[in-house]
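Structural overview for review
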Amino acid sequence: MDIDMTNEALHVLDQKHYLPTFKRYPIALERGSGSKVWDVEGKEYIDALAGIAVSNIGHSHQALTFAIADQASKLIHTSNFYVTPPQMDLVTRLTELSGLDRVFMANSGAEAVEGAIKIARKYAAKNGRGGTIITMKNAFHGRTLATIAATGKEGMLNGFDPITPGFAHVEFNNIDQVEALIDDSIAGIMLEVVQGEGGVNLVDADYLRHLRALCDQHKMVLILDEVQCGLGRTGKMFAYEHYHAKPDIVTLAKGLAGGVPIGAVLAREHVAQAIDWGDHGTTFGGNPLACRAAIAVIEVINQEGLLDAAMNTGAHIKEQLNQARAQYPEILEVRGLGLMIGVQLSIDAKEVVNRMLEHGVLSNATANNVIRLVPPLNIAPEDVERLLSVLLLSIKEISAHG
């Protein structure tokens, strides 16, 4: 079948055949290299979104493409009736990096969070506690029926009754609201160390340590959702390393395999032991191809010093934007960790994002008025400068048009 390879023609097909769940930008991307991508008509863009914090080592990295091709030529899938060298290599690396003891490999962030919820509830049941999990407002944990209930945003819940029970929502960084809910019905507490969809909001260090102490005191499970902020995004392999508060369960996905679908649940031994044979499973999760890709990503992050690069580049971006606030009063706040940055504006962030697209930079608006910048950790310095100039130019142009 011949397809007209233009932006407009591909969007016509999208509108005709694809389930209408996404508000697409009016381009069709064809290839990428480093921190740049090109659409089907050859226009170049700096990618400051990285597939929503997925392409941590950039596009078409030689080490990743070699690992995928090499593994595809050997073995792609076996099911989890069998172990494979890539899976065992990856889970060993993840336990060593995290200091946690057990790993379950999944296919996505939402599936990883589902697994974390099941482990927490099974652990609670074995300790005579109920299964309710405290989660945070303005969070995002996925799009499955359980994870939209955990997220708790009204717009995500509309039309999907009956809503999955067992979640209680509190204000982020409000310890009094958490303490008021704790009784024998609570299995654990789940939160993002840095809220991504909520506007790049950072957890307070004292708050996280207090949650850790409450979980220890009441034999509850502390779950940290690092689907977006994990694997180097914040300048540490795990964002919780900034806070010295070790979790009981961690979820990973987006940046773990550089774009190959993958998810992971990591857990402490005493919590993981609550799961019995047959309690959970997956067909595709942890397949050799995805695991080999993840190994390559971890090796690149370490070998190319991308944790330091994320910290240094992120600090530069925040410094430049904070200095620009004197001339751009539309910038209300710049916040984030490493290369997970939120730029809160007084004007419509979506309009700014659309203008940036016209100028050749891909970004994203979240929480209504926040520009989310999550470029590859190895974004080229010249691309950083272009990103900054386009962002400021777009703010100026949108503001001028009122």
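Here is a short report on the structure shown in this document. (Residues numbered from 1 in each chain as written. Predicted model: local features only at pLDDT ≥ 70, side-chain atom pairs only at ≥ 80, totals over all residues. Heavy atoms only, no water.)

**Structural notes on the overall build of the chain**
- Tallying secondary structure elements over the chain gives 14 helices and 17 strands in all.
- Over its C-alpha atoms, taken along the principal directions, the chain stretches across nearly 60 × 55 × 45 Å.
- Counting the 402 residues in the chain, one finds 53% classified as buried.
- Intrachain contacts of the chain at a sequence separation of at least 6 include 72% that bridge at least 24 residues.
- If you sum the accessible surface of the chain, you get close to 18000 Å²; carbon and sulfur atoms cover 52% of it.
- In the chain, 34 side chains carry a positive charge and 47 a negative one; their mean positions are 2 Å apart. (Helix = DSSP H or I, 4+ residues; strand = E, 2+ residues; numbered from the N terminus. Buried < 20%, exposed > 50% of the residue type's maximum accessible area, 1.4 Å probe, protein only. Contact = heavy atoms within 4.5 Å. Areas by Shrake-Rupley, 256 points an atom, 1.4 Å probe, with all protein chains shown as cover. Lys, Arg positive; Asp, Glu negative; His and termini not counted. Charge placed at Lys NZ, Arg CZ, Asp CG, Glu CD.)

**Describing the sheet that holds strand S1 (residues 29-33)**
- Reading across the sheet, the 4 strands line up as S1-S2-S3-S15 and stay open at both edges, with mixed pairing between neighbours. Edge positions in the sheet fall to S1 and strand S15 (361-362), since each of these pairs with one other strand and no more.
- Inspection of the sheet shows S1 paired to strand S2 (residues 36-39) by 4 bridges, in the antiparallel sense. Residue pairing across strands places Ser33 opposite Lys36, the latter belonging to S2. (Pairing = 2+ DSSP bridges.)

**With respect to empty space enclosed by the protein**
- Evaluation of the coordinates by the stated rule reveals 1 cavity of 30 Å³ or more.
- Volume-wise, the largest cavity comes out at about 60 Å³.
- Considering the residues around the largest cavity, the lining is formed by 13 residues, among which Thr78, Ser79, Asn80, Gly286 and Asn287 are closest to the centre.
- By residue class, the composition of the lining of the largest cavity is 3 nonpolar, 10 polar and no charged. (1 Å grid on protein atoms, 1.4 Å probe; cavity = no way out; pocket = protein on both sides within 12 Å on 5 of 7 lines; lining within 4 Å. Points joined across faces, edges and corners; volume = space filled by probe spheres on them. Nonpolar A, V, L, I, M, F, W, Y, C, P; charged D, E, K, R; others polar.)

**Comments concerning the side chain of Arg233**
- Examined against the element boundaries, Arg233 turns out to sit in the loop between strand S10 (221-225) and strand S11 (249-252).
- Buried within the structure, Arg233 lacks any salt-bridge partner; Asp47 is the closest side chain of opposite charge, at an N-O distance of 8.9 Å.
- Side-chain polar atoms of Arg233 contact the backbone oxygen of Pro375, separated by 2.6 Å. (Salt bridge = Lys/Arg side-chain N within 4 Å of Asp/Glu carboxyl O. Polar contact = N/O pair within 3.5 Å; in protein donor to acceptor, adjacent residues only side chain to side chain.)

**Notes on the pairing of strand S13 (residues 331-337)**
- Counting buried residues along S13, 5 of its 7 residues qualify, which places the element largely inside the surrounding structure.
- In terms of strand pairing, S13 meets strand S14 (residues 340-345) through 6 bridges, oriented antiparallel. The partner of Val334 across the bridge, within S14, is Val343.

**Considerations on helix H4 (residues 85-98)**
- Here H4 is 14 residues long and its end C-alpha atoms lie 20 Å apart, about the 20 Å a rise of 1.5 Å per residue gives.
- Listing the buried residues of H4 in full gives Pro86, Gln87, Leu90, Val91, Leu94, Thr95 and Ser98. Taken around the axis of H4, the buried residues stretch over an arc of 160 degrees, which confines them to a single face. Across H4 from its buried face, at more than 90 degrees, point the exposed residues Pro85 and Glu96.
- As for H4, its buried residues are in contact with helix H3 (62-72), strand S4 (102-106), S11, strand S12 (263-267) and helix H11 (288-303).
- One or two positions beyond H4, positive phi appears at Gly99, with a value near 80 degrees. (Expected span 1.5 Å × (residues − 1). Arc of directions from axis to C-beta.)

**Focus on the sheet that holds S14**
- One open sheet accounts for 4 strands, arranged S13-S14-S17-S16; its pairing is antiparallel. The open sheet is flanked by S13 and strand S16 (364-366), the only strands paired with a single partner. Within the sheet, the average angular offset between the axes of one strand and its neighbour, ignoring direction, is 30 degrees.
- Pairing analysis gives 3 bridges linking S16 to strand S17 (residues 370-373), with the strands arranged antiparallel. Across the sheet, residue Thr366 finds its bridge partner in S17, namely Val370.
- Here helix H12 (residues 306-324) sits on the sheet and contacts S13, S14 and S17; the angle it forms with S13, its principal contact strand, is near 170 degrees. (Axes fitted to C-alpha atoms, helices over the stretch in contact; angles between N-to-C directions.)

So, to be careful, I would describe these as geometric facts and stop short of saying anything about function.
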